[in-house]
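Each chain is listed here by its residues.
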Amino acid sequence: MRARQLLIMRQKDTGENVPITDVVKSSLRGRQKQEGGIVKHRVGAVVLAVVCFTLGLVVQRTYDAWHADRLQLANEQPVTVKPVWTPAQVDRSKIDFSKQPLWAWGATEPPKLDEKQAVQFAPGVAPAAPTANLSPEELNRGRHVEGSRIEFSIAGVRAATNRGGIVDWFPEDHQNPIPDIITRGPAALGKDAKACGLCHLSDGSGRPENASPAGLPTEYIMRQLNDFKNDLRHSSDPRKGNSNTMVMLAKAMTNEEMRAAAEYFAAVKWRPHEQVIETDLVSKTRIQGELFIPTAKELTEPIDKRIIEVPADVEANQTLRNSRGTWIAYVPIGAIQKGKDLVTLGGMKIVNGQIVQGKTTPCGTCHGIDLMGVPPDVPPLAGRSPSYMAREIFDIQQGARNGSNSNVQLMRMVVAKLEPEDIINITAYLASLPVERQSQDRLVLRR
Ligand code: HEC
Ligand code: HEC
């Protein structure tokens, strides 16, 4: 009704209602009758105006359509890629969790059957709340770590890490300027990105709960990043949120970012970070962020079948993110020698003058006799975190970690028969080794 009313106009003279279009037509006719010749000019002007208006409309419409196409095209350019957090695709149904070295995951129970895949730092996941309730003075007080002239407050460290950025205590330990990928993370993730140096520390020294990419061969790092990206490498435990985040970050990286990160980490000189101590008893610990933190000085708890790897200095390593921080790995008594037997001889024994093959192959066959790795494919093992190595051995054994390099399948055969206790012994021995290339005359297999 309302629409129809709008189109109707009341005729002044006759008083009847007529549609508005008819009013325009008849008024034009009326004027023609009254004003004769002049009317023709007026009509010409009106027609011209209508034509101009219509032309203008057509031009405007055409421009709009063309402009919209252009906008559409611009939106399809890779420059404006939206943040992409792509979850890992992995089948964990065949993993035998009864053999999982739980201590290496900072866990006390294996994952549940229907355990959901945890993700650390993904958008929407709130950062862990600051643990200590410090006064403003304490928060802002300048702090130091041994060997560094730089001063940071806890507030400063938190501000950097809450943004997903890094804390750089030792600029002399790495190349400068640091590539953006290390300080900010993959550009495609925008403000949700996490810097490589956030978890792996400014120079890639890494921590037991993640990995130490510092000093690894460039091509090995490139392959790992691509293997994460292509869902070939995963943690067997779905609760390992930081490994899942690592996969998502790799999926968001460009090839150029991967290369910049790989070259940066590969150029870092590898320093020892581990001290291995054999013991029956350890101090009580709590598990925080997949890591054991001592809660007392006294050694009162049986070590049992575990390695307990703890920060040598809790404030420097945990609160201040010191890249030169060191770690103490408490291992069961006798573990280092048993590990040496497996690593150097594969557990082979001579019984009654007969060689009895062991359950594995000497690791040096591929990892180099000094266990410092063989570039470009085989990573070093000497002096690395026992927790990290134990997780990787289990992941490779259980097939959660695969790779584009066929040697990973060989590595799987090598570790296929290892029991949880063998993994403790092997990683205790490997972690205790010096982080240095040995001269040729020392490269002799000795028991
Ligand atoms: C959320 C913390 C986190 C961030 C941020 C992170 N990583 Fe990782 N990274 C990990 C974890 C955890 C692992 C071990 C994965 C596993 O095997 O379970 C890992 C493993 C690696 C490895 C394999 C090392 C080896 O010895 O095989 C490389 C290389 C690596 N990361 C590079 C990077 C780069 C480059 C970036 C920046 C884009 C990055 N990481 C950002 C947590 C992180
Ligand atoms: C047949 C050759 C071969 C032998 C023998 C071998 N490995 Fe490996 N290992 C590899 C290769 C290749 C890789 C790298 C896999 C990849 O590219 O993902 C690897 C990776 C590893 C890793 C993961 C390192 C990292 O940075 O993530 C650990 C830990 C490891 N090996 C331990 C051992 C131990 C312990 C032994 C001996 C019991 C052993 N390996 C014997 C070939 C071998």
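In the block above lies the structure referred to throughout.
All of these numbers come straight from a predicted model, not from anything done at the bench.

## Examining the overall build of the protein
Logical step 1: Helix and strand counts for the protein stand at 16 helices and nine strands.
Logical step 2: In the protein, which comprises 447 residues, the share counted as buried stands at 36%.
Logical step 3: Of the contacts formed within the protein by residues at least 6 apart in sequence, a portion of 63% connects residues at least 24 apart.

## Topic: the environment of isoleucine 182
Logical step 1: By the secondary structure assignment, isoleucine 182 is in helix 6 (residues 180-184).
Logical step 2: Residues isoleucine 182 and glycine 204, spaced 22 residues apart in sequence, show a C-alpha to C-alpha distance of 9.1 Å.

## As for the site of ligand 1
Logical step 1: As a structural note, the neighbourhood of ligand 1 is formed by 29 residues, with Cys196, Cys199, Ala211, Ser243 and Ala261 the closest of them.
Logical step 2: Residue assignment for the shell around ligand 1 shows that the elements contributing at least two residues are helix 7 (196-200), helix 8 (218-229), helix 9 (241-252) and helix 14 (386-397).
Logical step 3: Considering each element in turn, the shell around ligand 1 owes the most residues, five residues, to helix 9.
Logical step 4: Looking at side-chain class alone, the shell around ligand 1 contains 16 nonpolar, nine polar and four charged residues.

## Here we look at the packing of helix 8 against helix 9
Logical step 1: Relative orientation of the contacting elements helix 8 and helix 9 amounts to 100 degrees, with a least axis distance of 7 Å. Classified by the angle between their axes, helix 8 and helix 9 sit roughly perpendicular to one another. Side by side, helix 8 and helix 9 meet where Leu225, Phe228 and Lys229 of the first sit next to Met246, Val247, Ala250 and Lys251 of the second.
Logical step 2: In terms of residue class, the contact of helix 8 with helix 9 is made up of five nonpolar, no polar and two charged.

## Let's talk about the pairing of strand 5 (residues 291-302)
Logical step 1: Counting buried positions over the twelve residues of strand 5 gives one, only a small fraction of the element.
Logical step 2: Of the pairings in the sheet, the one linking strand 4 (residues 281-288) to strand 5 comprises seven bridges and is antiparallel in character. Looking at the pairing, leucine 281 lines up with proline 302 of strand 5.
Logical step 3: Between strand 4 and strand 5, which pair antiparallel and follow one another directly, the connecting turn spans two residues, one of which, glycine 289, has a positive phi of 60 degrees.

## Some points on the site of ligand 2
Logical step 1: Close to ligand 2 lie 23 residues, the nearest being Cys363, Cys366, Gly403, Asn407 and Leu410.
Logical step 2: It is helix 15 (residues 407-415) that provides the largest number of residues to the shell around ligand 2, a total of five residues.
Logical step 3: Here the shell around ligand 2 is built from residues that sort into 13 nonpolar, seven polar and three charged.

## So, the sheet that holds strand 3 (residues 274-278)
Logical step 1: If you walk across this open sheet you meet the three strands as 3-7-6, and the pairing is mixed. Here the strands that pair on one side only, and so sit at the sheet edges, are strand 3 and strand 6 (308-311). For this sheet, the mean angle separating the axes of adjacent strands, direction not counted, is 25 degrees.

## Description of the nonpolar core
Logical step 1: Judged by nonpolar contacts, the single largest core of 41 residues is most densely connected at Ile182, Ile221, Ala250, Ala261 and Phe265.
Logical step 2: Two domains each provide a minimum of three residues to this core, namely domain 2 (110-266) and domain 3 (274-446).
Logical step 3: Every residue in contact with isoleucine 182, bar those within four places of it in the chain, is listed here: Ala195, Cys196, Gly197, Ala261 and Tyr264.
Logical step 4: Within the second largest apolar cluster, 40 residues are counted, among which are Ile308, Ala382, Leu418 and Leu433.

## Some words on the packing of helix 12 (residues 335-345) against helix 16 (residues 420-432)
Logical step 1: Look at helix 12 against helix 16: their axes get within 7 Å of each other, and the N-to-C directions meet at 95 degrees. When the interaxial angle is binned, helix 12 and helix 16 end up roughly perpendicular. Here helix 12 contributes Ala335, Ile336, Lys338, Gly339, Lys340, Leu342 and Val343 to the contact with helix 16, which in turn contributes Asp422, Ile424, Asn425, Ile426, Ala428, Tyr429, Leu430 and Ser432.
Logical step 2: Considering only residue class, the contact of helix 12 with helix 16 consists of nine nonpolar, three polar and three charged.

## Quick word on the environment of aspartate 231
Logical step 1: Along the chain, aspartate 231 falls in the loop between helix 8 and helix 9.
Logical step 2: On the basis of neighbour count, aspartate 231 is assigned to the partly exposed category, with 16 C-beta atoms found within 10 Å.
Logical step 3: Separated by 19 residues in sequence, aspartate 231 and alanine 250 place their C-alpha atoms 9.8 Å apart.
Logical step 4: The residues contacting aspartate 231, other than those within four sequence positions of it, are Ala88, Gln89 and Val90.

What counts and what doesn't
Residues numbered from 1 in each chain as written. Chains lettered and ligands numbered in written order. Predicted model: local features only at pLDDT ≥ 70, side-chain atom pairs only at ≥ 80, totals over all residues. Helix = DSSP H or I, 4+ residues; strand = E, 2+ residues; numbered from the N terminus. Buried ≥ 20, exposed ≤ 12 C-beta atoms within 10 Å, placed from the backbone. Contact = placed C-beta atoms within 7 Å. Near = placed C-beta within 6 Å. Nonpolar A, V, L, I, M, F, W, Y, C, P; charged D, E, K, R; others polar. Axes fitted to C-alpha atoms, helices over the stretch in contact; angles between N-to-C directions. Parallel < 35°, antiparallel > 145°, perpendicular 65-115°, else oblique. Pairing = 2+ DSSP bridges. Core = buried A, V, L, I, M, F, W, Y, C linked by C-beta atoms within 7 Å. Domains from an automatic or database assignment.

Don't take any of this as a statement about function, it's just geometry.
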